[in-house]
Amino acid sequence: RLGCSFALSSDLQPHRDPQRAPQHHPLQLHRVTAGPAGASSATMLDSTGIPNLPGYMPQAQNARRSRVSLDYQRGMSVVTTDENHPTANAQRARVNAAGAGSLGLAASMMFPGTLKAKVEAKPFTPQFVSMDNKCLSFKAFLKEDMPELPNDGFRIRKFNIFYFLLDHTIRVSEEREENSGLPQGGFLKRARVPLLAADGPASVPVGAASTSAVPADGFVTWEHIRIGQPLVVYGRALSVVDCDQFTRDFYAENKQPQQSNTAHMVPNDPYFMRRKAAEEKMSLKVPDDRRQRFIAFNRKVLRFYCQWDDRAAIYGERRPYILHFYLEDDTIEICEVRLPNDGRDQFSKLLRRQKLPVDTQSALQDIGSGPARFYTDANLRVGERISVFGRPFLIYDCDDFTRHHLSTKFGLDQIPDLTDRIRTPFVAMPEREVPPPMGIGSEEDSLASLNSLIPKPPRRDEAKLMNYAGKALRFLACMHEAPAPEDEGRKFILGYWLADDAISIFEPPAQNSGIVGGKFLERSVRNNPDTGKKFTFKDFFIGAIIKVNCYNFKILDVDNFSKKFIETDGKSMRSSLYTASPTQIMQNLQKRYEEAKEALRAAFHVMDEDRSGNITHEEFIESLTLLHYDIEMKDAEPLLIWFDPDWKGYISYADFCDAIIRAAKFPAFLKEYTLEKGIQNGKSSPLRAMKTTSPVQRSGSGQALSIGSQGGGSRPGTQGPRDKS
């Protein structure tokens, strides 16, 4: 093989603009060949066959661009070049020299002009070339029902229908109208539309001419689109009313001309007609100097108190609000009034600050046009109602600044206050029904669960526990109407505890009865089946029938303490558990005096109700009762004589302390007092003599002197200031 190399003899310089490129001598290409002796020779070659390099152009004088375009011959696209171009001529010459037989179909496709004489073919243009970028344009409208519109109930929507002849597809777009309230734009993307009638698949083309046939594939073609007839697009009948000139010419060439009359017009949309009428009614805006109003009425607000009565609706109620009217721009805001425990979310405002239209219904319908009238301070009056977007508000009061403004500007001096008229009448709370106890726990526990969500332990009556601690009423009972013969004759001790109203039943053991005695009922609180409440001491009396746990007990007898307590209606607190002799009382008082002298002094002042420094005999006996000493007036005579030796009728604090200090001599005094009292021979006691004789006579008697000598001597003729005898 012979190796060769090429060299460019001229300078190749890049130029963006070939017209402004510098003129040089033509491009010369040299071929260097090596000889047998190593010598080389250069041969000049033609550069016309060399393609143009990117950014470089040959500097030939006759260099020009070759116009290359596509052409369609015999139904195929071929390359058409300039016949004056030398390359095209050379290739055409080679094709002609080779002949049609050697090149075949490819040569005829590449160079259609070379084989016209040899190959005869009927010229034609393919459909995808002739119908490329050609579409039919139509105007249509749709009357769409809208039941939510109050007046008309329908809307008119305008559409543009584009039918593409290349692939028989259809694209539908809706004309955009400002403030229509409907989503407009693309209605149907480019696609083939099935041939349907208004009530389903059509067997006859909808809107087609009488000579047209339904296509086999069942899609809409240009023959089915006719002016004045509906075109069903997926169940929606679009009324075709017009088309452009190209579409009319197309149908005329295919001998199916469209209607040219203008009878098919698009009806007017009632929504836009109402808006247009509202805009025509709008009056011209009166020039308003906002700056001047801002300076004059800045931070000046009228305050009205109003109420919204919504009781006509389900779960409705009357709710209070505060209406603020800003004088600087005639805007209104409505604030909610927070009530305690109203159960509502904390929204500060029902209506934000804005101008409130008078006719809210027309304001909502005529969107965009704006209402003609707004509420001003001239429309707000106490006792009148205003409409806040369909909600009636009653103005019942206003503040002092608002009253002054209305009086100054409008001359309204007599502004009523309707607060009492809108108040809700007082309704007493219904009493809650207390359900019966569940049987779990005490009744107080059940009531605690009823009164609060988080039950608390029931509070005990501490005063009752302190006063009645350990005190019980005891009764002798038997079974009433015994259920078994062996139960007859059984005896029970029924105890009623005053501290907590509990009941306990004890059965004393009986010999040879065959029944083991002991606790019949543990101490517990029981309810009276007749009243439904807890037993009280008034329910226990001789002959009463007490029903406990389906057992009926008849009370046969009662002890003395219980009898006295019931007869005095609970005022007498004499209990055998606290019965004490006078000697024991004096010993106990002496012990208390030695251990807590100040406490005993405070107790003396508590006994002295009138703060005179002295206590009477009755107050002294009552104080002993409060100290849980069971003593009566007749048994307290030696104590009264010991504390009041002069029988003044009262005891001073000094005498009280002196008597307690001398408590060691009280047993001897009591013994002598018992001997001298002379109960056996019928002599009267000092207390009986006190009621029949004067203090002077009592002080002169020997009996009084002998008794009083034990208490430090007598004082004849002395009478105390509080001697009640």
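Residues numbered from 1 in each chain as written. Predicted model: local features only at pLDDT ≥ 70, side-chain atom pairs only at ≥ 80, totals over all residues. Heavy atoms only, no water.

1. What about the overall build of the chain?
- Helix and strand counts for the chain stand at 21 helices and 27 strands.
- Counting the 725 residues in the chain, one finds 33% classified as buried.
- Of the roughly 47100 Å² that the chain leaves accessible, carbon and sulfur atoms contribute 53%. (Helix = DSSP H or I, 4+ residues; strand = E, 2+ residues; numbered from the N terminus. Buried < 20%, exposed > 50% of the residue type's maximum accessible area, 1.4 Å probe, protein only. Areas by Shrake-Rupley, 256 points an atom, 1.4 Å probe, with all protein chains shown as cover.)

2. A short note on the packing of aromatic side chains
- Under the definition given, this model contains 25 aromatic pairs.
- Here the aromatic cluster, defined as three or more aromatic residues joined through ring pairs, consists of Phe 138, Trp 222, Phe 250 and Tyr 251.
- A cation sits over an aromatic face here: Arg 381 above Phe 410, 4.7 Å from the ring centre.
- When the ring centre of Trp 642 is taken as origin, the NZ or CZ atom of Arg 662, which lies over that ring, is 4.5 Å away. (Phe/Tyr/Trp six-rings, centres within 6.5 Å; stacked < 30°, edge-to-face > 60°. Lys NZ or Arg CZ within 6 Å of the ring centre and 35° of its normal.)

3. Focus: helix H18 (residues 666–677)
- In this model, H18 (twelve residues) spans 16 Å end to end at C-alpha, consistent with the 16 Å of a helix rising 1.5 Å per residue.
- If you check which residues of H18 are buried, you get Phe 666, Phe 669, Leu 670, Tyr 673 and Lys 677. Within H18, the buried residues cover an arc of 100 degrees as seen down the axis, which keeps them to one side. In H18, the exposed positions that point more than 90 degrees away from the buried face belong to Ala 668, Lys 671 and Leu 675. (Expected span 1.5 Å × (residues − 1). Arc of directions from axis to C-beta.)

4. Observations regarding unusual backbone geometry
- Although it is not a glycine, Lys 255 adopts a positive phi angle of roughly 60 degrees.
- Along the chain, Lys 255 falls in the loop between helix H4 (245–253) and helix H5 (270–281).
- Classification of Lys 255 as exposed rests on a relative accessible area of 75%.
- Non-glycine residue Arg 299 carries a positive phi angle of around 60 degrees.
- Among the structural elements, Arg 299 can be located in the loop between helix H6 (290–297) and strand E14 (301–309).
- Arg 299 sits in the exposed class, given a relative accessible area of 77%.

5. Description of the nonpolar core
- Ranked by size, the top nonpolar core spans 30 residues in total, and within it Ile 585, Phe 620, Leu 624, Leu 639 and Phe 643 carry the most contacts.
- Among the elements that make up this core, the one with the highest residue count is helix H16 (residues 637–643) (five residues).
- Residues within four places of Ile 585 in sequence aside, it is in contact with Ala 580, Leu 624, Tyr 629, Ile 631 and Leu 639.
- Core analysis: the next-biggest nonpolar cluster, separate from the first, contains 24 residues, Phe 138, Phe 159, Val 240 and Cys 243 among them. (Core = buried A, V, L, I, M, F, W, Y, C linked by side-chain atoms within 4.5 Å. Contact = heavy atoms within 4.5 Å.)

6. A look at H5
- Helix length check: H5 (twelve residues) gives 17 Å between terminal C-alpha atoms against 16 Å at 1.5 Å per residue, within 8%.
- By the burial criterion, the buried members of H5 are Pro 270, Tyr 271, Arg 275 and Ala 278. One face of H5 carries all of its buried residues, which in axial projection span an arc of 140 degrees.

7. Section: the environment of Tyr 673
- Relative to the helices and strands, Tyr 673 resides in helix H18.
- Residue Tyr 673 is classed as buried on the basis of its relative accessible area, which comes to 5%.
- For Tyr 673 and Ile 641, which are 32 residues apart along the polypeptide, the C-alpha to C-alpha distance reads 9.8 Å.
- Among the polar contacts made by the side chain of Tyr 673, one reaches the side chain of Glu 637 at a distance of 2.8 Å. (Polar contact = N/O pair within 3.5 Å; in protein donor to acceptor, adjacent residues only side chain to side chain.)

8. So, a nonpolar patch on the surface
- Residues Val 434, Leu 447 and Leu 450 make up a contiguous nonpolar surface patch of roughly 210 Å² in combined accessible area.
- Examined against the element boundaries, Val 434 turns out to sit in the loop between helix H9 (419–422) and helix H10 (443–451). (Patch = residues over 30% accessible without salt bridge, like charges linked within 9 Å, V, L, I, M, F, W, Y side chains within 5 Å. Salt bridge = Lys/Arg side-chain N within 4 Å of Asp/Glu carboxyl O.)

9. As for the sheet that holds strand E24 (residues 545–548)
- Ordered by their spatial adjacency, six strands build an open sheet running E23-E22-E21-E20-E25-E24, and the pairing between neighbours is antiparallel. In this open sheet, the two edge strands, each paired with only one partner strand, are strand E23 (518–525) and E24. The average undirected angle you get between the axes of adjacent strands in this sheet is 30 degrees.
- Where strand E20 (residues 472–479) and strand E25 (residues 551–558) come together, five bridges link them in antiparallel fashion. Each bridged residue has a counterpart across the sheet, and for Leu 476 the counterpart in E25 is Asp 557.
- The strands touched by helix H12 (residues 560–567) within the sheet are E20 and E25, with E20 carrying the most contacts at an inclination of about 105 degrees. (Pairing = 2+ DSSP bridges. Axes fitted to C-alpha atoms, helices over the stretch in contact; angles between N-to-C directions.)

10. A few points about the pairing of E24
- Every second residue of E24 is oriented toward a common face, the buried set being Ile 546 and Val 548 and the non-buried set Ile 545 and Lys 547.
- Strand direction decides the pairing type here: E24 and E25, joined by four bridges, are antiparallel. By the bridge assignment for E25, Val 548 is matched with Tyr 551.
- Taking the residues that link successive antiparallel strands as the turn, the E24-E25 hairpin has two residues, and the phi of Asn 549 there is positive, at about 55 degrees.

11. So, the environment of Phe 669
- Within the element layout of this structure, Phe 669 appears in helix H18.
- Each C-alpha atom of the pair Phe 669 and Pro 638 lies 8.4 Å from the other, and the pair is 31 residues apart in sequence.

12. So, the confidence of the model for the chain
- Confidence in the prediction of the chain, expressed as mean pLDDT, is 74, and 68% of residues score 70 or more.
- Every residue in residues 98–118 is under pLDDT 50, and counting partners more than four places away or in other chains gives 22 contacts.
- In the model, residues 683–725 has pLDDT below 50 throughout and makes 65 contacts with residues more than four positions away in sequence or in other chains. (pLDDT = per-residue confidence, 0-100.)

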